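Summary of the model geometry
One-letter residues, chain by chain:
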Amino acid sequence: MDNSIQPLQEFLTNMVVPDKRTSVELNSEHITMLHGTKSKKQLSRKKKSTKSSSLTRREYSKLGLHTLPTLQMKYTEVLPLHRLWKGYMKEHLGLSEGDRIPQVYEAGYDAFSKMLVKTDLHGSNMSVLQSKCSTLVGISGIVVMDTKNVLKILGKDNRLRTVPKSECVFSMKFGNMNFTIFGKHLCIRPAERSVRKIKNYIEPVDY
């Protein structure tokens, strides 16, 4: 045993009743923990115990947790998700179907547009108004996945389509209200978008 901890060893032994001292067995690692600097073994043990148990993005991707079945999903199965989204919108924006949207020239438009761009799109009713790729124009349905760069939209024909955000201008429908959203400004992960400082990227339109 290290001579530097000998006094501590004697002190601990003396704390035991005399007739039991001969049977005392001290763990040198425990003494080191009490005495001063921890050994490499103890530090590595602590590091292992504090390692996060959550999966990394690479592990998620490897397990296929960011993929959805292309053919097995049915539009009717995601309608409950859309109904939940409508309830969320009422609470998030303080809106009810039939309410009037603040116009660009009104004082409330700035705060409203910033809240709207932070909206969680899962369950929303979206359609592609414009796109650099003409085959994407007209795609519509319920958003079942929102990632950093794409929206996965399930149409009424039960087809799941992947739409790149940066290439498109979207229309989002809520009751009698339609919102025009430029996809290039949505190229942020949803969790990050909800807390990031956002400029005015929304043009509300009443119908």
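Look a little higher up for the structure.
Not measured: the values here are computed from a predicted model.

The secondary structure content of the chain amounts to seven helices and seven strands. Ordered by position in the sequence, the α and β elements of the chain form the string α-α-α-α-α-α-β-β-β-β-β-β-α-β. The buried share of the chain, taken over its 207 residues, is 30%. Residue pairs at least 24 apart in sequence account for 54% of intrachain contacts in the chain once pairs closer than 6 positions are excluded. In the form shown here, the chain has an accessible surface area of approximately 13,600 Å², with 53% of it arising from carbon and sulfur atoms.

This part covers the environment of Leu160. Here Leu160 shows up in strand β4 (residues 160-164). A relative accessible area of 13% means that Leu160 is categorised as buried.

The next point concerns the packing of helix α5 (residues 75-93) against helix α6 (residues 109-117). Where α5 meets α6, the closest approach of the two axes is 11 Å, and the angle between their N-to-C directions is 145°. Relative to α6, the crossing made by α5 is right-handed. On the side of α5, the interface is formed by Met89, His92 and Leu93, while α6 contributes Phe112, Met115 and Leu116. The residue inventory of the contact of α5 with α6, partitioned by class, reads five nonpolar, one polar and no charged.

Time to look at the nonpolar core. Counting 25 residues, the largest nonpolar core has Met126, Met172 and Phe179 as the members making the most contacts within it. For this core, the secondary structure elements donating two or more residues are α5, α6, β1 (125-131), β3 (150-154), β5 (168-174) and β6 (177-182). Of the residues forming this core, the biggest block, four residues, is contributed by β5. Residues in contact with Met126, not counting those within four places in the same chain, are Leu121, Ile139, Ser140, Gly141, Val143, Leu151, Ile153, Phe170, Ser171 and Met172. Tyr75, Val78, Val144 and Leu154 belong to the second-largest nonpolar core, a separate cluster that totals seven residues.

Taken as a whole and assessed by the stated rule, the structure comprises three salt bridges. Put simply, Asp146 and Lys165 hold a salt bridge, and the shortest N to O gap is 2.7 Å. Taken together, the residues Asp146 in strand β2 (residues 140-146) and Lys165 in the loop between β4 and β5 connect sequence positions 19 residues apart. Both residues of the pair, Asp146 and Lys165, belong to the buried class. The shortest N-O distance in the salt bridge between Asp157 and Arg161 comes to 2.8 Å.

What follows concerns unusual backbone geometry. If you check the backbone angles, Asn158 has positive phi at about 65° while not being a glycine. Looking at the secondary structure, you find Asn158 in the loop between β3 and β4.

Pairing of β3 with β4 involves five bridges; the strand directions are antiparallel. What sits directly across from Lys152, in β4, is Thr162. Turn length for the β3-β4 hairpin, with the two strands adjacent in sequence and antiparallel, is five residues, and the turn residue Asn158 shows positive phi of about 65°.

Moving on, we come to the pairing of β6. By the criterion of burial, β6 is predominantly enclosed, with five of the six residues buried. In terms of strand pairing, β5 meets β6 through six bridges, oriented antiparallel. In the strand pairing of β6, Phe170 is matched with Ile181.

The rules behind these values
Residues numbered from 1 in each chain as written. Predicted model: local features only at pLDDT ≥ 70, side-chain atom pairs only at ≥ 80, totals over all residues. Heavy atoms only, no water. Helix = DSSP H or I, 4+ residues; strand = E, 2+ residues; numbered from the N terminus. Buried < 20%, exposed > 50% of the residue type's maximum accessible area, 1.4 Å probe, protein only. Contact = heavy atoms within 4.5 Å. Areas by Shrake-Rupley, 256 points an atom, 1.4 Å probe, with all protein chains shown as cover. Axes fitted to C-alpha atoms, helices over the stretch in contact; angles between N-to-C directions. Left-handed = near helix turned anticlockwise from the far one by under 90°. Nonpolar A, V, L, I, M, F, W, Y, C, P; charged D, E, K, R; others polar. Core = buried A, V, L, I, M, F, W, Y, C linked by side-chain atoms within 4.5 Å. Salt bridge = Lys/Arg side-chain N within 4 Å of Asp/Glu carboxyl O. Pairing = 2+ DSSP bridges.

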